[in-house]
Structure formats: structure tokens, C-alpha cells
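The chain contents come next:
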Amino acid sequence: GESVGLHLPTLSVQEGDNSIINCAYSNSASDYFIWYKQESGKGPQFIIDIRSNMDKRQGQRVTVLLNKTVKHLSLQIAATQPGDSAVYFCAENGHQAGTALIFGKGTTLSVSS
Amino acid sequence: DAGITQSPRHKVTETGTPVTLRCHQTENHRYMYWYRQDPGHGLRLIHYSYGVKDTDKGEVSDGYSVSRSKTEDFLLTLESATSSQTSVYFCAISDGRAKDTEAFFGQGTRLTVV
């Protein structure tokens with residue numbers, strides 16, 4: 001079964017709002033997590049990653065939070081724009097180099113202007 | 001985009017016919033992966049390769065085989081296509097030099113089995 005999953009299949013927000021996309025993982029041995037964005041007709045693209053020795057990591061308009069106690073991961077997008085509309089996946093890497101990423105089912109973010 | 005090319009981008013084939021999808025990379029990455037993407041299932045691993053002629057099965061490998069005779073090419077073969085293999089197929093690559101390393105994805109191949 002899935003070891004990584006997202007809480008909500010869809011999320012609708014207004015342009016300018018902040019968006020929060022959540023993910024729960026079940027494998028406590030996972031030590032590296034990635035958020036991917038997938039636009040229609042394209043492959044997943046890397047947004048931001050975080051290692052298990054960190055609680056928070058910030059990028060441009062995006063922040064990833066990791067709560068290892070409850071095995072929860074979230075992606076925050078500030079001032080959401082129509083171009084942020086896409087499917088967002090969280091993924092975990094195994095603890096061995098080259099282990100394939102395990103993906104959750106994804107959350108579709110729709111941004112209306 | 002990372003140097004990953006999938007071919008063909010679209011294919012329609014008949015049930016029972018063999019189909020081969022190709023993934024070509026120019027990054028010289030050691031690890032290559034094939035995923036399939038279906039509504040409600042996200043991305044699921046079919047097979048992966050950790051070097052030339054070194055491959056292993058993933059979560060949904062039944063009905064699929066792979067080959068990697070060169071670093072740059074990873075082929076996915078459906079020996080006898082079935083309608084349940086209608087999907088979008090993604091190739092990914094990773095240098096795998098460290099335990100925390102991202103994977104880069106190709107643009108996908110949309111396969112329809114009729």
C-alpha cells in the first residue's frame with residue numbers, strides 16, 4: 001500500500017491567498033522528502049526538498065514543514081497565483097542511495113482570479 | 001528540463017501486440033526508473049535500473065520487462081499489451097550519489113491499448 005499520501009485530493013483558493021497542502025507518511029525510516037508540481041501534460045517537476053534532520057525549509061514563495069512526531073509534511077505556497085494551479089505530489093526517498101521515490105496520490109490545486 | 005527524452009510521446013496499440021517505450025538521458029545518471037500514472041493512484045514504480053544491465057522490479061511490474069544495455073537508454077516493453085496498461089508512463093533519472101537526491105522526470109508517454 002501507499003506509504004505516503006495526501007489528505008485532500010483537491011484544494012481551491014483565490015489568487016493572493018496562501019495555500020497549504022498536506023501529506024502524511026507512514027515509514028518512520030524515511031529521511032528525505034520532496035514536493036513535486038505537475039502541470040497538465042507534463043512530467044513532475046521538483047519544487048523543494050527537506051531532510052529529516054530539518055523541521056522547515058524555505059524557497060521562493062514556498063515553505064515545507066516536516067513534523068516527524070506525527071509523520072506529517074506540508075507545503076505552503078504564499079500569495080498563490082494562477083500559474084500555481086497544478087497537481088502537487090509529496091514523495092519520500094528510501095534510506096539507500098538510488099532507492100526509487102514513493103509518491104502519494106496528489107492534490108489538485110485550483111487557483112481562481 | 002533535465003536531458004531526458006521519452007519516445008514516443010503518444011501511442012495507440014491493439015490488445016495483444018508488443019510495445020516498447022524508450023527513455024534516453026544525456027545526464028550520465030546511474031539510476032533510471034519507469035513509473036506509470038493513473039487517476040487515483042498517483043505515480044507507481046514499474047521497474048528501475050541501478051546500472052547497465054542491472055534492473056529490479058517495482059510495485060507494479062507484472063506484464064512489463066525492461067532492458068538497459070547502455071547508460072543513456074532504458075527501455076520498457078509490454079510483451080502483450082492489455083487494456084489495463086493504458087496509462088501515462090514516465091521515465092525518471094537520478095544520480096543517486098547521496099541518499100537525499102531528487103529524481104528528474106521526462107515529459108511522459110501516453111499509451112492507449114484498444
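Refer to the structure above for everything that follows.
Fair warning: this is a prediction, and the values are worked out from it, not measured in the lab. (Residues numbered from 1 in each chain as written. Chains lettered and ligands numbered in written order. Predicted model: local features only at pLDDT ≥ 70, side-chain atom pairs only at ≥ 80, totals over all residues. Heavy atoms only, no water.)

Draft legend 1. Highlighting the overall build of chain A. On a plain count of helices and strands, chain A comes out with zero helices and 11 strands. The secondary structure elements of chain A, listed N-terminal to C-terminal, are β-β-β-β-β-β-β-β-β-β-β. For chain A, with 113 residues in total, the buried portion stands at 44%. Of the contacts made within chain A by residues no fewer than 6 positions apart, 53% connect residues no fewer than 24 positions apart. Approximately 5400 Å² of chain A is accessible, and the part contributed by carbon and sulfur atoms is 47%. (Helix = DSSP H or I, 4+ residues; strand = E, 2+ residues; numbered from the N terminus. Buried < 20%, exposed > 50% of the residue type's maximum accessible area, 1.4 Å probe, protein only. Contact = heavy atoms within 4.5 Å. Areas by Shrake-Rupley, 256 points an atom, 1.4 Å probe, with all protein chains shown as cover.)

Draft legend 2. Representation of the sheet that holds strand β3 (residues 19-25) of chain B within the structure. All names here are of chain B. In spatial order, the strands read β1-β3-β8-β7; together these four strands make up an open sheet with antiparallel pairing. Either end of the sheet is taken by a strand with one partner, and the two such strands are β1 (4-7) and β7 (64-70). The mean angle between the axes of side-by-side strands here comes to 15 degrees, regardless of whether they run parallel or antiparallel. Two elements, β3 and strand β8 (residues 73-78), share six bridges in a ladder whose sense is antiparallel. Paired with H24 across the two strands is D73, which belongs to β8. (Pairing = 2+ DSSP bridges. Axes fitted to C-alpha atoms, helices over the stretch in contact; angles between N-to-C directions.)

Draft legend 3. Examining the interface of chain A and chain B more closely. If you look at the interface, chain A gives 25 residues, while chain B gives 22 residues. Both faces combined, the contact of chain A with chain B buries some 1800 Å², and carbon together with sulfur accounts for 51% of it. Our count for the chain A to chain B interface comes out at three residue pairs in polar contact (both at pLDDT 80 or more). In terms of residues, the side of chain A that touches chain B owes the most to one element, strand β4 (residues 32-38) of chain A, which gives four residues. For the side of chain A that touches chain B, a count of residues per class yields 10 nonpolar, 10 polar and five charged. (Buried area = accessible area lost by both parts, 1.4 Å probe. Polar contact = N/O pair within 3.5 Å; in protein donor to acceptor, adjacent residues only side chain to side chain. Nonpolar A, V, L, I, M, F, W, Y, C, P; charged D, E, K, R; others polar.)

From the geometry alone we can't say anything about function, so treat these as descriptive.
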